[in-house]
Amino acid sequence: DAMSNRRRRSFAPNSTAHATMGGSKNPRTRRTRPNVLITGTPATGKSSLAERVAAAAGMTQYDVSKIAKAENLCESYDEAMDTHVIDEDKVLDHMEERLGTEEGGVVVDYHSCDLFPERWFDLVVVLTCDNTELYERLESRGYSEKKIRENVECEIFQTVVEEARDSYAEEIVRVCPSNDIEEMELNEKNVLEWINKWV
């Protein structure tokens with residue numbers, strides 16, 4: 001149907017990116033395996049997708065928020081937003097040890113993307129979600145009304161999509177809807193196919 005075709009096209013390589021998205025190594029890197037960033041507004045399915053892709057591809061998942069908390073890389077706690085604020089310098093130093101190597105093979109997930117060096121990633125997947133569905137997901141997590149509103153507004157204004165497009169080469173950014181199980185499975189299939197074409 002038309003919706004399925006649109007979804008398939010959203011991940012297909014564009015003509016300027018054929019070499020990179022067609023499976024060849026990014027000419028800017030000499031990595032053995034690709035590094036993938038999965039980003040999007042909270043509750044769009046980043047961690048779930050990153051976990052499934054990393055497991056299926058034999059790669060390492062790097063959940064920035066979890067690692068920042070576990071490794072004491074947070075600078076403060078924002079009471080109003082009920083969230084930890086990462087120390088970007090400490091986080092980037094910690095990540096450089098793994099992502100700055102020629103090895104690759106890391107799937108990173110985080111709700112923002114403009115703080116990372118462009119050279120770290122070969123594919124950037126931005127997950128998007130319908131505002132009503134996103135609201136329900138955030139509400140089910142027990143987020144405050146203020147936190148829900150700010151995150152839904154972030155999605156309405158496509159903040160993370162714009163960050164990705166401003167921070168990375170157009171040919172490595174893929175915007176993928178993540179509203180239901182069918183779309184989530186399609187996203188996983190497409191990312192895995194892309195990884196498996198890496199030569």
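Further up the page is the structure itself.
Residues numbered from 1 in each chain as written. Predicted model: local features only at pLDDT ≥ 70, side-chain atom pairs only at ≥ 80, totals over all residues. Heavy atoms only, no water.

Enquirer: What should I look at first to understand the overall build of the chain in this one?
Expert: Counting secondary structure elements, the chain contains 9 helices and 7 strands. By the burial criterion, 47% of the 199 residues in the chain qualify as buried. Summed over all atoms, the accessible surface of the chain reaches about 10100 Å², with 46% contributed by carbon and sulfur. (Helix = DSSP H or I, 4+ residues; strand = E, 2+ residues; numbered from the N terminus. Buried < 20%, exposed > 50% of the residue type's maximum accessible area, 1.4 Å probe, protein only. Areas by Shrake-Rupley, 256 points an atom, 1.4 Å probe, with all protein chains shown as cover.)

Enquirer: Any chance you could explain the sheet that holds strand 6 (residues 123–128) here in plain terms?
Expert: Hydrogen bonding along the main chain pairs the strands of a sheet, whether they run parallel or antiparallel. Read from one edge of the open sheet, 5 strands run 2-5-1-6-7, paired in parallel fashion. Both outer strands of the open sheet, strand 2 (60–63) and strand 7 (173–177), are each paired with one neighbouring strand and no more. Strand after strand, the sheet turns through a mean of 20° between neighbouring axes, direction not considered. As paired strands, strand 6 and strand 7 are joined by 5 bridges and run parallel to one another. Its bridge partner being in strand 7, T128 is matched across the sheet by P177. In the packing of helix 9 (residues 181–196) onto the sheet, the strands contacted are strand 1 (36–40), strand 6 and strand 7, and the crossing angle to strand 6 comes to about 175°. (Pairing = 2+ DSSP bridges. Axes fitted to C-alpha atoms, helices over the stretch in contact; angles between N-to-C directions. Contact = heavy atoms within 4.5 Å.)

Enquirer: Any chance you could explain the packing of helix 3 (residues 46–57) against helix 9 here in plain terms?
Expert: Axis separation between helix 3 and helix 9 bottoms out at 10 Å; the angle between their running directions is 40°. As the angle between them shows, helix 3 and helix 9 are arranged oblique. Once helix 3 is placed against helix 9, the crossing between them reads as right-handed. Contacts between helix 3 and helix 9 involve L49, R52, V53, A56 and A57 from the first element and M184, N187, E188, V191, L192 and I195 from the second. The class makeup of the residues in the contact of helix 3 with helix 9 is 8 nonpolar, 1 polar and 2 charged. (Parallel < 35°, antiparallel > 145°, perpendicular 65-115°, else oblique. Left-handed = near helix turned anticlockwise from the far one by under 90°. Nonpolar A, V, L, I, M, F, W, Y, C, P; charged D, E, K, R; others polar.)

Enquirer: Is there a simple way to think about the packing of helix 6 (residues 131–140) against helix 7 (residues 145–156) in this case?
Expert: Between two packed helices, what matters for the description is the angle formed by their axes and the separation of those axes. Relative orientation of the contacting elements helix 6 and helix 7 amounts to 150°, with a least axis distance of 10 Å. What the angle tells us is that helix 6 and helix 7 run roughly antiparallel. Relative to helix 7, the crossing made by helix 6 is right-handed. Contacts between helix 6 and helix 7 involve N131, L134, Y135, L138 and E139 from the former and E145, I148, N151, V152, E155 and I156 from the latter. Classifying every residue of the contact of helix 6 with helix 7 gives 6 nonpolar, 2 polar and 3 charged.

Enquirer: Got a minute to help me understand unusual backbone geometry in this structure?
Expert: The backbone phi angle of A43 is positive, close to 80°, even though this residue is not glycine. Summarising the element assignment, A43 is placed in the loop between strand 1 and helix 3. Of note in the backbone geometry, D82 takes a positive phi value of approximately 55° without being a glycine. Looking at where D82 falls in the secondary structure, it is placed in the loop between strand 3 (74–78) and strand 4 (83–86).

Enquirer: I'm lost on the side chain of S178 in this one. Help?
Expert: Residue position: S178 is located in the loop between strand 7 and helix 9. Residue S178 is classed as buried on the basis of its relative accessible area, which comes to 2%. Here T44 takes part through its backbone oxygen, which lies 2.7 Å from a polar atom of the side chain of S178. Setting aside residues up to four positions removed in sequence, S178 forms contacts with T44, G45, L127, T128, C129, R137, E183, M184 and N187. (Polar contact = N/O pair within 3.5 Å; in protein donor to acceptor, adjacent residues only side chain to side chain.)

Enquirer: Sorry if this is basic, but what is going on with the pattern of salt bridges here?
Expert: As a working rule, side chains carrying opposite charge can pair if their charged atoms are close by. For the structure on display, the rule yields 8 salt bridges. The residue E103 makes a salt bridge to R98 at a minimum N-O spacing of 3.6 Å. Taking the relative accessible area as the measure of exposure, E103 reaches 48% and is therefore partly exposed. A salt bridge links K146 to E150; the nearest nitrogen and oxygen atoms lie 3.8 Å apart. You can see K146 and its partner E150 sitting in helix 7, 4 residues apart, about one turn around the helix. For K146, a relative accessible area of 34% corresponds to the partly exposed category. Residue class for E150 comes out partly exposed when judged on its relative accessible area of 36%. (Salt bridge = Lys/Arg side-chain N within 4 Å of Asp/Glu carboxyl O.)

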